[in-house]
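Per-entry structural report
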Amino acid sequence: MEQLEQGRRGGEGEVELGRDFKEKLAEYTTDGSVDISGQVAAKARTGGWVAAGLVLVNQGLATLAFFGVGVNLVLFLTRVVGQNNADAANNVSKWTGTVYIFSLVGAFLSDSYWGRYKTCVVFQLIFVIGLITLSLSSQMFMLRPSGCGNAKEPCGAHSSLEMGLFYLSIYLVALGNGGYQPNIATFGADQFEEGDPKEAHSKVSFFSYFYLALNLGSLFSNTFLSYYQDEGLWALGFWASSGSALLALILFLCGTRRYRYFRPGGNPLSRVSQVALAALKKWKVKMPPPGEEDLYELDGKEIEAATTEGSKRILHSEGFRFLDRAALITTTDFPPSGDSTTPNPWRLCTITQVEEVKCILRLLPIWLCTILYSVVFTQMASLFVEQGAAMNTTIVAGFRIPPASMSAFDILSVALFIFFYRRLLQPIAAALRHDPRGLTELHRMGVGLIVAVAAMIAAGFVEHFRLKLARGGNASSLSILWQVPQYMLIGASEVFMYVGQLEFFNEQAPEGLKSFGSALCMTSISLGNYVSDILVTVVMKITGKDDTPGWIPVNLNRGHMDRFYFLLATLTSVDFVIYVICAKWYKCIKIEGKCEEEEEEDFSD
């Protein structure tokens, strides 16, 4: 009897010990994140809104610095460098496109070798160097005679050396900001554990606040800096950008001990290549019926050891069956008996590895449909500014609004619609769809395309009436405030398209390719700028024949930019139809322990 009582007491002690052990485990993250020392991250001491808040402030300051250059670059090229409107718009598109092409470089280095923290630090340092070089070159070489570069007095000619230094500095800015951007969004999301319900909710909110910080950061550069630069104080504006970028870097480094980190997972190109080659080698192997295939997979611990920390198995999905051959077990995949039991990775790949490739292939059609939206978005930094410069910029008591400052209405619209969506529209959509998420990311991206069409129609009508007045002898009589609706509509479309895009690609990208997912957002903007450049060039060649000025001439009063806006509205409408088809076809990535109960219609209804 006494032994039984002792056993019972021992059992109770073991239960108590188990409870303490579980409570102890709950104090640490379980998603593979570590602290600065490489130990499992303690929730109380790392991550959360403290770390994410530093990332948000960093993003705001870095964006202020970037837009201090980008928002008025088209005017710098026309007034200081001496380019015409079409060439300046195309050069801005090329430069902006290059910024986002460099995002692929940053994402690759982050996912493969450096990790997100180191990549952010290195590229922010390049960003600061580029801005300081731009400030020095502008002050010493570009702004001659003194006070030039305003609306009235253009600057003189520049030597090849001076132009070379100028282009070197702005493309250093492009490299630094491009490599930093896709990683800072994902690094901020890393500060929340998706397996913790409370932190998972915060992670979803983070992307909205991240985009809000981005826009609030550009508010200062789009108002105060734009005003000073429009008055010809270009060097002052560039130096302010340099100081903001340096402060952003210092604040980012201050959070080093507070952040949560994920180790890089190795070169993803080799994993993709292994799947492609293994499937090709088994091209003639007959595939069994669906559900009867003998497909290769590691267990959970082996997956974590073979890939990134905290990785989980991706469940097998139908579609792209030709890639399943890479995971199909055959007699020639393993070495002879007595040798290593590990298969040749170039002949046999895991289901998880195959599903990573399938995931990328499924994301590509959605991604391609977002490029034309970026063509619309990029007009805000080029043709909208040129359109505003041809309007009456004086509003009250002689106060003049710089054309580039009109993008402040876009920023205010972003802030307003983020609040509108999170507080009003999402709860209503959640109740109507019986889904706590409300509108899915794919739904929101579709809404963004529709609102973008409305923005182009609004811009087209404003330009139509401006031209009508200008040709009636009332040049520049239409107030620049008539541009407010098109800027507000662009801002509303951004909340639906770009915030949804950030969430979608981060959520649907495999574990070892999270930065690549964010880079897809940046690259769609990049290609949108290049497509805009090509589209403007083609339109000018077609419409500028037989000594006609074309739709977008140097003197906008002789052109038909309204028709170009209506053309973009038509192309975006066609893109929306294609997007709906692609969204219906899309299938969610299904990770073990997550997404298993989600139905396909959740993403496509």
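Small disclaimer: the values here were computed from a predicted structure and weren't measured. (Residues numbered from 1 in each chain as written. Predicted model: local features only at pLDDT ≥ 70, side-chain atom pairs only at ≥ 80, totals over all residues. Heavy atoms only, no water.)

With respect to the overall build of the protein
The helix and strand tally for the protein stands at 19 helices and zero strands. The buried share of the protein, taken over its 605 residues, is 54%. Accessible surface for the protein amounts to roughly 26,100 Å². Of this, 65% is attributable to carbon and sulfur atoms. (Helix = DSSP H or I, 4+ residues; strand = E, 2+ residues; numbered from the N terminus. Buried < 20%, exposed > 50% of the residue type's maximum accessible area, 1.4 Å probe, protein only. Areas by Shrake-Rupley, 256 points an atom, 1.4 Å probe, with all protein chains shown as cover.)

Points about a nonpolar patch on the surface
On the surface, F220, F224, Y227, Y228, L233, L236, I395, V396, F399 and L481 cluster together into a nonpolar patch covering about 920 Å² of accessible area. Residue contributions to the nonpolar patch peak at four residues, all from helix α7 (residues 197-230). Looking at where V396 falls in the secondary structure, it is placed in the loop between α13 (383-389) and α14 (407-433). Since its relative accessible area comes to 56%, V396 is described here as exposed. (Patch = residues over 30% accessible without salt bridge, like charges linked within 9 Å, V, L, I, M, F, W, Y side chains within 5 Å. Salt bridge = Lys/Arg side-chain N within 4 Å of Asp/Glu carboxyl O.)

A closer look at the pattern of salt bridges
In this structure the tally under the stated criterion is 11 salt bridges. As a salt-bridge pair, K43 and D196 come within 3.1 Å of each other at their nearest N and O atoms. Here D196 lies in the loop between α6 (160-189) and α7 and K43 lies in the loop between α1 (2-26) and α2 (48-70), a separation of 153 residues in the sequence. For D196, a relative accessible area of 18% puts it in the buried group. A salt bridge links R271 to E356; the nearest nitrogen and oxygen atoms lie 3.1 Å apart. Residue R271 is located in helix α9 (residues 268-281), and its partner E356 is located in helix α12 (residues 351-378); the two are separated by 85 residues in the primary sequence.

A look at the nonpolar core
Judged by nonpolar contacts, the single largest core of 125 residues is most densely connected at W95, F166, F206 and I366. Element by element, the count of residues in this core is highest for α12, at 11 residues. Every residue in contact with I366, bar those within four places of it in the chain, is listed here: L442, M445, F504, Y579, C582, A583 and Y586. Grouped together as the second largest cluster of nonpolar side chains are 13 residues, A278, M287, V354 and V357 included. (Core = buried A, V, L, I, M, F, W, Y, C linked by side-chain atoms within 4.5 Å. Contact = heavy atoms within 4.5 Å.)

A word on the packing of aromatic side chains
Counted under the stated rule, the structure contains 35 aromatic pairs. For the ring pair Y117 and F252, a centre distance of 5.5 Å and an interplane angle of 20° mean the geometry is stacked. With Y117 in helix α5 (residues 116-142) and F252 in helix α8 (residues 234-254), the pair connects residues that are 135 residues apart, well separated along the chain. For Y117, a relative accessible area of 18% gives the class buried. Aromatic side chains F504 and F505 sit 5.4 Å apart centroid to centroid with 70° between the ring planes, which places their arrangement in the edge-to-face category. (Phe/Tyr/Trp six-rings, centres within 6.5 Å; stacked < 30°, edge-to-face > 60°.)

Thoughts on unusual backbone geometry
For residues besides glycine, phi is generally negative; the peptide bonds are generally trans as well. Phi at F320 takes a positive value of approximately 50°, unusual for a residue other than glycine. Relative to the helices and strands, F320 is located in the loop between α10 (300-306) and α11 (321-324). Taking relative accessible area as the criterion, F320 reaches 22% and is therefore assigned partly exposed.

Description of the environment of P510
Mapped onto the fold, P510 is located in the loop between α16 (484-508) and α17 (514-543). Not counting chain neighbours up to four residues away, the residues in contact with P510 comprise I314, E356, C359 and I589.

Here's the deal with the packing of α2 against α5
Close contact between α2 and α5 brings their axes to 11 Å; oriented N to C, the two are set at 35°. Relative to α5, α2 is oriented so that their crossing is left-handed. The segment α2 lies against α5, with N58, A62, A65, F66 and V69 engaging Q124, F127, L131 and L134. (Axes fitted to C-alpha atoms, helices over the stretch in contact; angles between N-to-C directions. Left-handed = near helix turned anticlockwise from the far one by under 90°.)

Remarks on the confidence of the model for the protein
Mean pLDDT over the protein stands at 82; residues scoring 70 or higher make up 89%. The least confident element of the protein, judged by mean pLDDT, is helix α19 (residues 601-604) at 42; the most confident is helix α18 (residues 561-585) at 94. Counting contacts from residues 305-310, a segment whose pLDDT is below 50, to residues more than four positions away or on other chains yields 13 contacts. For residues 595-605, every residue scores under 50 in pLDDT, and the model assigns this stretch 25 contacts once sequence neighbours within four places are set aside. (pLDDT = per-residue confidence, 0-100.)

Observations concerning the packing of α12 against α16
Interaxial distance between α12 and α16 falls to 12 Å at its minimum, and their mutual angle equals 160°. The angle between α12 and α16 places the two elements in the roughly antiparallel class. Between α12 and α16 lies a crossing of left-handed hand. Along its contact with α12, which presents C359, L363, I366, W367, T370, Y373, S374, V376 and F377, the element α16 presents I490, S493, E494, M497, Y498, Q501, F504, F505 and Q508. (Parallel < 35°, antiparallel > 145°, perpendicular 65-115°, else oblique.)

Observations concerning the environment of F210
Mapped onto the elements of the fold, F210 is located in helix α7. Relative accessible area serves as the criterion here: at 1%, F210 is assigned to the buried category. What F210 contacts, discounting residues up to four positions off in sequence, is L56, Q59, Q181, I184, A185 and L502.

Describing the side chain of Q483
On the secondary structure map, Q483 appears in the loop between α15 (441-471) and α16. Overall, Q483 belongs to the buried group, its relative accessible area being 0%. Filtering out sequence-adjacent residues up to four positions away, Q483 remains in contact with F384, Q387, G388, M391 and M406.

Points about the environment of T350
Within the secondary structure layout, T350 lies in the loop between α11 and α12. The class of T350 is buried, set by a relative accessible area of 10%. Those residues in contact with T350 that lie beyond four places of it in its chain are Y296, E297, L298 and A327.

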